[in-house]
Amino acid sequence: MTGAKTAIEFSHYVVGALSFTGKVQDAKSLFDKHEPQLSFDELVACRFFLGVGYTRISEYIPAETLFSKNLASIRSHTSTNIARFYAFQGVGFYRYFSGRIISSKKFADRAYQEALEERFTYGLALAEDLRGHTSVLTGEVSEGFSQFENAKKHAENISSTGLIQAIDVTMTNFKAYFGSDFKQTISFLKQFLKHPNWSDSYSQISLFLELCRQLTLRGRLIEAEEILAEAFKLIYQVKHKRYEIQMNLRHAEILYKRNDLTNSLNLIVNSQKAIDKRVDIQLLVKVKGMEAKLQKALGLHSDYQTTILDLKALTQRHGGAEAFRYLARVFDEKNYSPWKRYQDPVGDIVDDVTWGSKTASKVIVQKGLLSLLPLAWNNAKDRRAIIFDLLPNSVLVFDQGEAVHYPNIGSKLFRQLTAKIAAGFSTKEELIHEIWGYKYSPLKHDSLVYTAIANLRKALGKMSYLLESDESGYKWADRVEIRFSHIKTVSRIKKNEPPIPGQSSQLNYRQLKCLEQLISREFEDVSNYQKLFDVSRATATRDLTDLTNKGYLKKLGKGRATKYVLPRSKV
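Here the focus is the sheet that holds strand 4 (residues 426–427). Taken in spatial order, the 3 strands of this open sheet run 4-6-5, and their pairing is antiparallel. Each of the sheet's edge strands pairs with one partner strand only, and the pair in question is strand 4 and strand 5 (467–469). Judged from the 2 bridges that link them, strand 4 and strand 6 (residues 473–476) form a sheet pairing that is antiparallel. Following the sheet pairing, Thr427 is matched in strand 6 by Gly473.

Put into structure tokens, the structure is as follows:
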């Protein structure tokens, strides 16, 4: 009898271990074998563990059946604290997983109270972990991390290595997600992934997906895709539908950053077909949010409005604060979001951009979240830009989502070369004359130009391909915008003379080219500027108004008859 009893007591924990590591069929076979001999508490525990396992592999019907049986059985049976804990914890877990966060939090609290009364340490660890998840998603991030720490202490008290690791992974992912430590996030995630002994593949996959997200936020899209490929191998092995959809979300975001909007939307639409809309509310909210962002970017206004209404209804049902925050930005209602300032530093930055903060771009660069810059640039995701001194003595290079920030580029010569070439194709003779002030001699000066250009390419690092050249001279690749944020000029302008193209460091390449052409043209107008640079009327008007306000141009006429001329023009 003693041996049989030991096997039975052991079996329900083995069911749990197998379920948590994805071996649900093995766990079910073990449960079926021992079910007739199990006590009531053990029966409820086994149902809980199996329900968790089924939920994780998106087998929702058997999971829901098991959790419902547990809840019904404690109401019809003289139950113990242990049985009630597993019943409440199961329902709380399932409702969290299916996106009903507020309801999940209530059941997690009830499970915690049952475990507390019984002094059931393992139960306290599970309940505090679930409470931490629900607190974080409802915007109480600090409280959530406190609950995770409590869960970890309880797990340590019973030496549950697997549970300790799972809680550590959860905290690491959430700290990365909410930007608790911008500088160390990438290295910490990579270091964690090198752990030699993983208790389950799910934790490892979640770290890969978060690392992909962090690299994408920082404009390191090529690296993000490499990490996604590693995640795919694991996801394919465990056949986890939810992780497949999350992987597609990460990939869609990368495509969005690269302005490949059609393929991104196609990926999202196909992902929705794999979602159980009755259960996967939390995941559906994320997918719908991405769909709305893409529809807006593609100009699908009718579809966008429909999706936003669907998202609003889902958010009310879901209760997650992140979705409320997204809707607050959509509807331009600051008070619509339940988030407290500093609970989510990444979200705070996006809010600052949305609400028009003048310092948002600098904060984005300081934090290294370079892929957020298009938000500050009116969503010009396909923009190619080289920006000097957004932070002092630095250069930011941005090309279709891929971004690099070089913090210590102090050379005035780099700025002069960049601005001169931005004004148009530049020969070696022009560079020598306008930057160094010499009369060009190939034997004397070619090496000087080559060295300067080589150093400029070196400064641009992996983005050096944006500087193009042939035997006769140099130019920037198409659509590269050059901007200088702090330095007013790159060379001295003589008093009482109109500005010369290439000398202003506050002008973009379109404005520089416009000034250059006005030397030989009588005037410029908005319509011609639009056609010349393939920009919207709003951008053309903004560029020309800026040139006028800075004294480079003079405005004549009104409305559509408005013309812009150089200050000395007699037109």
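On we go.
What follows is about the pairing of strand 3 (residues 402–406). A regular strand carries its side chains on alternate faces of the sheet. The element strand 3 is largely enclosed, with a buried count of 4 among its 5 residues. Here strand 2 (residues 395–399) runs beside strand 3; their pairing, made up of 5 bridges, is antiparallel. Counterpart to Leu396 in the pairing with strand 3 is His405. Where strand 2 hands over to strand 3, the hairpin turn is made up of 2 residues, of which Gln400 adopts a positive phi near 50°.

So, on to the side chain of Thr539. In this structure, Thr539 sits in helix 26 (residues 537–549). Overall, the relative accessible area of 16% leaves Thr539 in the buried class. A distance of 3.1 Å separates polar atoms of two side chains, one belonging to Thr539 and the other to Ser536.

Look at Asn259: it is not a glycine, yet its phi comes out positive at around 70°. Inspection of the secondary structure assignment puts Asn259 in the loop between helix 13 (241–257) and helix 14 (261–272). Overall, the relative accessible area of 30% leaves Asn259 in the partly exposed class. One non-glycine residue with positive phi stands out, namely Asn393, at about 60°. Relative to the elements of secondary structure, Asn393 occurs in the loop between strand 1 (384–388) and strand 2.

What follows deals with the packing of aromatic side chains. Scanning the model with the defined rule gives 22 aromatic pairs in all. Summarising the aromatic geometry, the rings of Phe67 and Phe93 are spaced 6.4 Å apart at their centres and angled 65° between planes, so their arrangement reads as edge-to-face. Taken as a pair, Phe67 in helix 4 (residues 60–76) and Phe93 in helix 5 (residues 81–97) lie far apart in primary sequence, 26 residues in all. By relative accessible area, which is 3% here, Phe67 ends up buried. The class of Phe93 is buried, set by a relative accessible area of 15%.

We now examine the packing of helix 11 (residues 201–217) against helix 12 (residues 221–238). Two elements in contact, helix 11 and helix 12, have axes separated by 8 Å at closest approach and are oriented at 160°. As far as their axial angle goes, helix 12 and helix 11 are roughly antiparallel. Handedness of the crossing formed by helix 11 with helix 12: left-handed. In this structure, helix 11 uses Ser201, Gln204, Ile205, Phe208, Leu209, Leu211, Cys212, Leu215 and Thr216 to contact helix 12, whose residues at the interface are Leu221, Glu223, Ala224, Ile227, Leu228, Glu230, Ala231, Leu234, Ile235 and Val238. When grouped by side-chain class, the residues that make up the contact of helix 11 with helix 12 number 14 nonpolar, 3 polar and 2 charged.

Counted at 1.5 Å a residue, the expected span for helix 11 with its 17 residues is 24 Å, and the 25 Å between its end C-alpha atoms agrees. Most of helix 11 is tucked away, with 16 of its 17 residues classed as buried. Remark: Gly219 follows helix 11 within two positions and exhibits a positive phi of approximately 80°.

Further remarks concern the pairing of strand 7 (residues 480–484). In terms of residue burial, strand 7 counts as a mostly covered element, since 4 of its 5 residues are buried. For strand 1 and strand 7, the ladder comprises 5 bridges, and the chain directions are parallel. Considered in strand 7, the bridge of Phe388 is made with Phe484.

What follows is about the environment of Arg329. Position of Arg329 among the secondary structure elements: in helix 17 (residues 321–330). The sequence separation of Arg329 and Asp351 amounts to 22 residues, and the corresponding C-alpha distance is 7.3 Å. Setting aside residues no more than four positions away along its own chain, Arg329 makes contact with Gly347, Val350, Asp351, Thr354 and Trp355.

Scored by pLDDT, the chain comes out at a mean of 85, with 90% of its residues at no less than 70. Taken together, the stretch residues 1–10 has pLDDT below 50 and engages in 5 contacts with residues farther than four places along the chain or on a different chain. Note on residues 487–505: pLDDT under 50 across the span, and 34 contacts to partners over four residues away in sequence or across chains.

A few words now on the packing of helix 13 against helix 14. To describe two helices that pack against each other, one gives the angle between their axes and the distance between the axes. Put simply, helix 13 and helix 14 touch, their axes get as near as 8 Å, and they point 165° apart. Relative to helix 14, the element helix 13 is oriented roughly antiparallel. Note on packing geometry: the crossing formed by helix 13 with helix 14 is left-handed. Here Ile245, Asn248, Leu249, His251, Ala252, Leu255 and Tyr256 of helix 13 lie close against helix 14, whose contacting residues are Leu261, Asn263, Ser264, Leu267, Ile268 and Ser271. Grouping the constituent residues of the contact of helix 13 with helix 14 by class yields 8 nonpolar, 5 polar and no charged.

It is worth spelling out the nonpolar core at this point. Judged by nonpolar contacts, the single largest core of 88 residues is most densely connected at Leu50, Phe85 and Tyr86. Per-element tally for this core: the top contributor is helix 5, with 11 residues. Discounting residues that sit within four places of it in the chain, Tyr86 has contacts with Tyr13, Val44, Ala45, Phe48, Phe49, Asn70, Phe120 and Tyr122. Formed by 31 residues, the second largest nonpolar core is a distinct cluster that contains Ile421, Tyr474, Trp476 and Ala477.

What counts and what doesn't
- Within each chain, residues carry numbers counting from 1 in the order of the written sequence.
- Only residues with pLDDT of at least 70 are given local features in this predicted model, and only at 80 or more are side-chain atom pairs given and counted; all residues enter the totals for whole chains, interfaces and linings.
- Side-chain metrics rest on all non-hydrogen atoms present in the structure, leaving aside hydrogens and water.
- At least two DSSP bridges between two strands are needed for those strands to be called paired.
- Think of it this way: any DSSP run of H or I at least four residues long counts as a helix, any run of E at least two long counts as a strand, and we number them from the N terminus.
- Summary of the burial criterion: residues with accessible area below 20% of their type's maximum are buried, those above 50% are exposed, and those between are partly exposed, where the area comes from a 1.4 Å probe applied to protein chains only.
- Throughout this description, a polar contact denotes any pair of N or O atoms lying within 3.5 Å of each other; where both atoms belong to protein, one of them has to be capable of donating a hydrogen while the other can accept it, and for residues adjacent in sequence the pair is counted only when both atoms sit in side chains.
- Classification of ring pairs uses Phe, Tyr and Trp, with its six-membered ring standing for Trp, and accepts pairs whose centres are within 6.5 Å; under 30 degrees between planes counts as stacked, over 60 as edge-to-face, and the remaining range as tilted.
- Simply put, an axis is a line fit to the C-alpha atoms, just over the touching stretch for a helix, and the angle between two N-to-C directions goes from 0 to 180 degrees.
- Throughout, the term roughly parallel applies to angles under 35 degrees, roughly antiparallel to angles over 145, roughly perpendicular to angles from 65 to 115, and oblique to all others.
- In this scheme the crossing of two helices becomes right-handed for a clockwise turn of the near helix relative to the far one and left-handed for an anticlockwise turn of less than a right angle.
- Every residue pair with non-hydrogen atoms within 4.5 Å of one another is taken to be in contact.
- Residue classes follow a fixed rule: Ala, Val, Leu, Ile, Met, Phe, Trp, Tyr, Cys and Pro count as nonpolar, while Asp, Glu, Lys and Arg count as charged, and any other residue, Gly among them, counts as polar.
- Expected helix span is given by 1.5 Å per residue-to-residue step, counting one fewer step than there are residues.
- Across the chain, each position has a pLDDT score giving the predictor's confidence in that residue, from 0 to 100.
- Think of a nonpolar core as a cluster: buried Ala, Val, Leu, Ile, Met, Phe, Trp, Tyr and Cys residues, connected wherever their side-chain atoms sit within 4.5 Å.

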